[in-house]
Amino acid sequence: MLGGNILDNIMDKLAEKISAQDMIKANTQAEVESAISESVEAVSRKMEESFNKKFDENSTKTHDVGVQTYRNIQAVLNKQEEKHQEEYKEIQKRFEEVQVAVETKNTALLPLLIVTLLVAGADLVINILKIIGIL
């Protein structure tokens, strides 16, 4: 029995040693996996932060370009509107000048027209009187 006890003790110690080594190995592996997982998460967060920062910068630049484009278009439209307003005023001024000229000519022509109608009327009366034999 003494030999059996010694053999059992050796076997127990050997089993404890193997179990301890397996535990150390498993703990080490778990620590490595945990470290790798933490590193992957840290890199992932850093990449996400970098992406968000670049996205925000690009959004800001896109907005700024859009605003600048809008302002440029608005300036061109305003300039064209001013040009069209000036052209419209010039056309309106010329129209008023023509209207005044026509009214002035019509005013000058009215007495001439009346005299012409009176002469034509008098000529007609004379011709009718000649036909009737009074003249």
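Heads up: these notes are all about the structure in this document.

1. Quick word on a positive patch on the surface
Link 1 in the chain: A surface patch of like charges, here positive, comprises K46, K53, K54 and K61.
Link 2 in the chain: Here K61 shows up in helix α1 (residues 2-132).

2. Re the packing of aromatic side chains
Link 1 in the chain: Across all of its chains, the model carries one aromatic pair by this definition.
Link 2 in the chain: Geometrically, the ring pair formed by F51 and F55 is stacked, given 6.2 Å between the ring centres and 25 degrees between the ring planes. With a gap of four residues between them, F51 and F55 both fall in helix α1, about one helical turn apart.
Link 3 in the chain: On the accessibility criterion, F51 (54% relative accessible area) is exposed.

3. Brief notes about the pattern of salt bridges
Link 1 in the chain: Per the stated rule, a full pass over the model turns up one salt bridge.
Link 2 in the chain: The shortest N-O distance in the salt bridge between E90 and R94 comes to 3.3 Å. Within this pair, E90 and its partner R94 are both found in helix α1, separated by four residues, close to a single helical turn.

4. Thoughts on a negative patch on the surface
Link 1 in the chain: A cluster of like negative charges, contributed by E81, E82, E86 and E87, occupies part of the molecular surface.
Link 2 in the chain: If you trace the backbone, E81 turns up in helix α1.

5. Points about a nonpolar patch on the surface
Link 1 in the chain: Together, L124, I126, I128, I132, I134 and L135 make up a nonpolar patch on the protein surface, roughly 610 Å² of accessible area in all.
Link 2 in the chain: Structurally, the position occupied by I126 is in helix α1.
Link 3 in the chain: Using a relative accessible area of 39% as the deciding quantity, one classes I126 as partly exposed.

Calculation criteria
- Residues numbered from 1 in each chain as written.
- Predicted model: local features only at pLDDT ≥ 70, side-chain atom pairs only at ≥ 80, totals over all residues.
- Heavy atoms only, no water.
- Patch = residues over 30% accessible without salt bridge, like charges linked within 9 Å, V, L, I, M, F, W, Y side chains within 5 Å.
- Areas by Shrake-Rupley, 256 points an atom, 1.4 Å probe, with all protein chains shown as cover.
- Salt bridge = Lys/Arg side-chain N within 4 Å of Asp/Glu carboxyl O.
- Lys, Arg positive; Asp, Glu negative; His and termini not counted.
- Charge placed at Lys NZ, Arg CZ, Asp CG, Glu CD.
- Helix = DSSP H or I, 4+ residues; strand = E, 2+ residues; numbered from the N terminus.
- Phe/Tyr/Trp six-rings, centres within 6.5 Å; stacked < 30°, edge-to-face > 60°.
- Buried < 20%, exposed > 50% of the residue type's maximum accessible area, 1.4 Å probe, protein only.

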